[in-house]
Structures are given as structure tokens and as C-alpha cells.
Amino acid sequence: MSTTRDDESEAGVGPSSRPTSGSPAGELQIVSSEDPPPSQINDALVLGLSIVAAVSGIVFGVAITLDAPMLLYGSALAIGLFALGYAVRRYFTDRFPLVEAVEPRLRFTDPDIEDDDAAPTSIPAIQPVPRRPFLQWALLGSAGAFLLGLLAPISTLGPRPRAGQIRQTAWREGTRVVNTEGRPIRPDDIAAGGVAYVWPEGAVGNEKSSVVLLSLGRPALEPTILDWVVEDRLVAYSKVCTHAGCPVALYRQQDEALFCPCHQSTFDTVRGAVPTFGPAARALPQLPLGVDRDGYLVALGDFEELVGPAYG
Amino acid sequence: MTPLFALLFDSIDDRLRLRGAADKAVNKVFPHHWSFLLGEVALVSLGILVLTGTYLTFFYRGSSELVTYNGSLELYNGRMLPAAYESVMRLSYDVPGGLLFRRLHRGASHLFIAATVLHMLRILFTGAFRTPREFNYLIGIVLFTLALAEGFIGYSLPYDSLAGTGLRIAYSTALAVPLVGPQVAYWVFGGEFPTGDVIPRFYVLHVMLLPALLLGITGVHLFFLVRQRHTQFPRRGIDGHNFILGKPLWPAQFAETVTLSLWMFGLLAVAATVVPWSDVALSGPYVPGEVGNNAQPDWFMFWLDGMLRMLPAFEIDLPGVTISALFVAGLVLPGLVFGALIIYPWLEKRWYRLDGDWHVLQNPLDIPLRAGFGLGTFLAVLLMSAAATSDQLSRITGIPIETVLWFFRITTLFLPPLLGFALARWSRRRLDRRDLEVARRESTESQELHGVVAERV
């Protein structure tokens, strides 16, 4: 069945369209238009392909997240793309007339014709055949599910946080305390009132494990854990601020306070490094500190409190 | 037009027939007011950033692996430095012109963000965001966000001590997001900070993804502008609602833009020659666990840093979730500021029940809501920014840091609402005082639209 749909497309031009200059540049002259035959198979095909595409997209996403064989997610990706493409194609051939049209050429070197950049009329000249709208939703839903699956590679951008990983540092029972050059430290190396920035042996530069080792000028008070104070004066605290993670790098001698240069959180080293000022809410965790048989400072275990800022 | 140029132009146009469209474009009229140059300054800065940034990519290495520096800077000769920092040192001290280009890039970045902020304030306070320009205003906010992200990442890339500290705070803030924080932080940083992934990733974001978005969306922003035409300030003798009075693009505005671009570039060249913009040699490479005494971000991040300093300590432990001051100060409160920016056009429209097109600009003091809410919020952001200098202020004045911080806490909490209400009240009084007849005469003579608003308040 072949009909000319010129009149219909003309009728579609509403009063809201902009006035055009009358030049044919923006207009579409339909030569022939053939409505697609009604077909039950087509609906089933589009629906089926939509489901295949959606499922493929989800399979792709799940498989890549679970690190399944590439054969699986690669094929799922390919199948999904082909199915979605074919579904779109069948949808359009079923819902829109097969149209052939003529578009006038611009003549470039003819001095008489007027320059024209008039936009084509905003109302599409080709109207869809009125049929059930539900396939449209099936197609859109399928495309949505497929795209959702394609987002899965985001999950490969970084490891999954393992339980306790954020809490864990490089300190273990018996790990020696070393300076930045990696040399182990004896209690005598830290003079009275001295401060040293120290690391676990074998993990110098491991940011989360950085520690401030201090020799207190007066006896440590609660809530300092006194068992972890060596020779009644040496105490070790995490150097990572519990507010935003900056190094608590400044030591203020007059009140034996550790001070964070980023947001001015201040910690009282005599009283278990509790925050006395600023935005930090928790004390700097105290490192269980002891001395090994050879007389070197060692950790008695990892920190018991969370090192660094809180996490959601 | 010289004959040769005309010949070339004509022969091209004979093949494209764009003369009509081109004539239309060059006839676009630009109203004159200095504040209309702010957006243009931002645009030109963006161009300079692309040019100088492209040059920098020829030398920069986006990696935090340690390499040995062998260059003319005695301070680091023979030392192991992160490759990013090492390449910045080499670029700055061993490539002729390298330091100049780096400083030009830095200077242009400051100018870009400053001009963007001032442009945004101009749009906000004069009411240029009103119908039909709300969507272009939102596009502008997207561009502003991208500019801030580019600025922060650009500040991070040299991987100096300050950059590493800034990245650590950003990582901590991401961790602090309830429920999804750790996973999101690992996705962005590629694992626990400091990982080897962060610099290469941020490099690609800085030179590819974000600039592409920035340039593309700027194109849309300008398309909206050209299509919707400029707003303009009320002027006697011109019906501003239906006409724009100004200079056409060709030749007056074109000449002005070219002059502006070249002079701006010139000013930046002067600044780059004499001002040591972010010469990161002295702050040293980022070393985990180390930080300098003055840990401060760039000025456009001051408001966030100030919030981090001011918000009092708290950590609420709920089952499975921790809500920390870091999360609230670093994400929730900035989110509220951005939220207020985003909804403001619709808030004002609802408040004054406005409809129709609005093309004539206003004095913000004529609109009580804008005077109060807008200027109040702006003051709050200014005070938040000032709070980021608390440690410096304390050191310079000798006032204890505690006192300085409490000063900012109290002023930030109370001054903006006080000023806001006072301004709104004053603005309303001003409108009341204005004789109704005068308002009506003004509105017929110059088509100033604030008379209409005055009646509705």
C-alpha cells in the first residue's frame, strides 16, 4: 500500500513554528510513503530482543564484577549490542512508514539565490503509525538495563574495602621501631623531652603506620595506657590526625601538645593524646610500645583504636 | 578588507554560503558595562589555560614513582623524588621558558576561577538568571564546579608537600561518606592513599576529561547566550525588554575582545615574570607522613578548609555508620551552599510569583529576598574563607589560635543572618519609600521592571 503523505506533513505544521523565508532549503518533499504491514511477529521479536539485551547487559555487569572469564562478559557485551541494535531496527521499521523524500540542493555559485540558514520546521514530517506504545517502553527499559550493566567496570577502579583493612597498619607484635633511615631505636636514643618520627621496620614511608615517639617531661596521666609507656617516659602515638588524616607534625614543647598544621587539632600527649582543641573528635591512638630482648623499642601489637579519620 | 583577503573569503563562501548566518552573528549586539567583561575574562583565561597547559604536558610525568633528580637545582640534585615532582623541577629549572609557562598556567588558573566567581555573582545579584536564562545559569554552575575541580586537581599534580596533604584530606573526606565512603574512595584513588594510581588518574582527568567537559559545556553556555541575547542594565530611552542597545560584534566588540585578550595575556606575563606563583621547589616533594607548617589550599578552596577548621569536633557512631564532622563540613555544608545556588532562580520566582521574560538587570537592593538571602550567603562564604587563615592571623597578630577560631565560629554563625535580615528589611523600606507614582513613571519611561516587583512585594 503506497500513499503520498504530503498533506499530512503539511497539516502538522503548527502555529508555533517560526516563519521561514519561503526558501525550500529546510523542507522535506515526500515522494512515497509505505505503511508497514501489521505484524504480530514483530512485536514478539522486539520484546524478545529487548529482554535478551537487558539480560546480556546485566550478565556483562555481574560477570565483570565477579571477575568471570572474559569469554563470558565479552560475549554478553557483543550479544547485548547486537540484540539491542536489531530491536531498535525492528521497532522503527514496524512503527514508521517507509519514506522516500527529496531534499533540494543548495546552489552555491549562483549569485541570485539568497543565503538561507532557516531551520527545518520543528514538527517532524514523518509521523509514526499509531500502534500500541508498550514496545517503546520495553525498548527504553532494555536500553536502561543494558547501560546499567555497562557501568559495572567502575567497580574495577579500586579494590573492595576488606573488613578491618582500613583499621590495619603495618605494626605487629615484635615489629621494631625504626627511624626514617630504617635504623632501630633504643630507649636511650630519645633524650628527655625529645621527639622522633618513627616507622615500623620494613614499612618506612607507610603513611598510615607513621608514629610520633615522645619522651614525656612529666608522668603520663589517664587515659594514657601506662603499660605501653616505656621507662615511665617514652610514649608513641599515631601521627595521622583523627580529623582529616594530615600528619600531626608539630610538637609544642611548653604544653607537651601535638598540633596538626592543617586544621589546628591539638592533642595532649601527657593524657593519652586526647584532643584539647580543634575539629578532631578522637584521641590519637597509642601504639602498644615495649622493649625486646636486644634492648630495642618494639610494638606489642597493632593499634587497638582506629588510626586516622573516621570512615562512613 | 584587502582584496586578497576578500578574494579568499568570497571563494570560501561561494562553497559554503554562510554569509547570511555570518552576518547575523556579527550583528549581535553587546551592551556596554564593565561587569559584562567578567565572563569574557573567564573565557579568555580558559583559552590561555589550554595553550599553556598543552605546553606543560610535553614535560610533565603523571607518576608518583620515585626517580633520581639530576638537574640544575642544587637542593634536590641526586635525590629521589616522585616522578611528577621531578618533572616539574626539570621543566621549571632546566627547560628555557618552562618556569614562565608554568607560572602563566597558574596565573591564568587563578584568573579563570576568580573571573568565574565574579561573573556568577554579577549574574546572581543583577537577576540575569531569571526566565528565560535559568538553564544557562545552571550550566554556569556546572562550569563553576568543573573549574573548581580542575583547580584542585591542578594544584595536586606537582605532588609537592601541599599537594599530597590536600589529596590526603580529599581522600579522608571521601572515606567519611556514610555507607559508601570507603568504596568510593578506593574507586577514585585506586586503593588506600597514597597509592600509585592517584597521580596518573588525576592527570588524565585534568588534561582530558575535565577540559573536554569544560570546553564542550562552555560552547553550550555561549550558544544559549547568543540565542537568548544579552541582558542589559536599564537605560533611559531604550525599551530594554524588547531591544538591546550596545556595540555590534563587528568591529567594535571584536576589537575590544582582541584587546582584552592580549592585554590580559600581557598582564599575566608581567605577573608570571615577577610573581612566584606556586613555585613548589621550596615546599618540597610529598613524603608520606610529612607536612609543612603552613598547610593551606588555594584561595578558592579556603571556604571548604575554613569549614573544616570551624565545625566543632563530633563523631556520631550509629550501627554500621559513622557521621563525622569531616563529612558534614567537607560535603554536607558545601552541598547546601551549592543547593542554594541551584534552587535560587526558582525560589525567587515562587516568592514573587513572577512569570514571563526578564531581560533588564536590577539593583539587588531592589529585591529584598536577593539582597538578604544572596548577600547573606555570600558573606557566610567570605567568613568561611577567612577562617582558613586562622593560623596565619594568629601568628601575625599574636592572638591565640583558640580566640581567632572562636571569633570566626561566632561571626560565621550570626553575622550572615543578621546582615541578611537587615538588608532585606532595608531593601523593603527603600521600595516602600519610593513613591508609587515615581515608580510607575519610571517603569513606563525606561521600562525598568523593578517597579513591578515593588508592587508585588
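Quick look at the structure, then. (Residues numbered from 1 in each chain as written. Chains lettered and ligands numbered in written order. Predicted model: local features only at pLDDT ≥ 70, side-chain atom pairs only at ≥ 80, totals over all residues. Heavy atoms only, no water.)

### Some remarks on the overall build of chain A
Each helix and strand counted, chain A has four helices and 13 strands in total. The 312 residues of chain A split such that 44% are buried. Nonlocal contacts in chain A, meaning residues at least 24 apart in sequence, comprise 66% of its contacts between residues at least 6 apart. Summed over its atoms, the accessible surface of chain A is roughly 16,500 Å², and 58% of this surface lies on carbon and sulfur atoms. (Helix = DSSP H or I, 4+ residues; strand = E, 2+ residues; numbered from the N terminus. Buried < 20%, exposed > 50% of the residue type's maximum accessible area, 1.4 Å probe, protein only. Contact = heavy atoms within 4.5 Å. Areas by Shrake-Rupley, 256 points an atom, 1.4 Å probe, with all protein chains shown as cover.)

### Overview of the overall build of chain B
When you go through chain B residue by residue, the secondary structure sums to 17 helices and six strands. Considering chain B as a whole, with its 457 residues, one finds that 49% of them fall into the buried category. The contacts of chain B with a sequence gap of at least 6 include a subset with a gap of at least 24, amounting to 74%. Summing over all exposed atoms, chain B offers an accessible surface of approximately 22,000 Å²; the carbon and sulfur share of this is 70%.

### A few points about the interface of chain A and chain B
On the chain B side, the residues contacting the 46 residues of chain A number 53 residues. Interface area for chain A against chain B, summed over the two sides, is near 4,100 Å², with a carbon-plus-sulfur share of 57%. At the junction of chain A with chain B, the criterion picks out three salt bridges. For the salt bridge of Glu 207 of chain A with Arg 168 of chain B, the shortest nitrogen-to-oxygen distance reads 2.7 Å. For the pair chain A and chain B, the number of links is 13 residue pairs in polar contact (both at pLDDT 80 or more). (Buried area = accessible area lost by both parts, 1.4 Å probe. Salt bridge = Lys/Arg side-chain N within 4 Å of Asp/Glu carboxyl O. Polar contact = N/O pair within 3.5 Å; in protein donor to acceptor, adjacent residues only side chain to side chain.)

### Some remarks on the sheet that holds strand S12 (residues 289-291) of chain A
Residues and elements named next belong to chain A. One open sheet holds the six strands; their spatial order is S7-S6-S5-S4-S13-S12, and the pairing between them is antiparallel. Unpaired on one side and paired on the other, strand S7 (234-238) and S12 mark the two borders of the sheet. The sheet shows a mean angle of 40° between the axes of neighbouring strands, taken without regard to direction. Here strand S4 (residues 173-178) pairs with strand S13 (residues 297-300) via two bridges, running antiparallel. Bridge pairing in S13 places Arg 176 opposite Val 298. (Pairing = 2+ DSSP bridges. Axes fitted to C-alpha atoms, helices over the stretch in contact; angles between N-to-C directions.)

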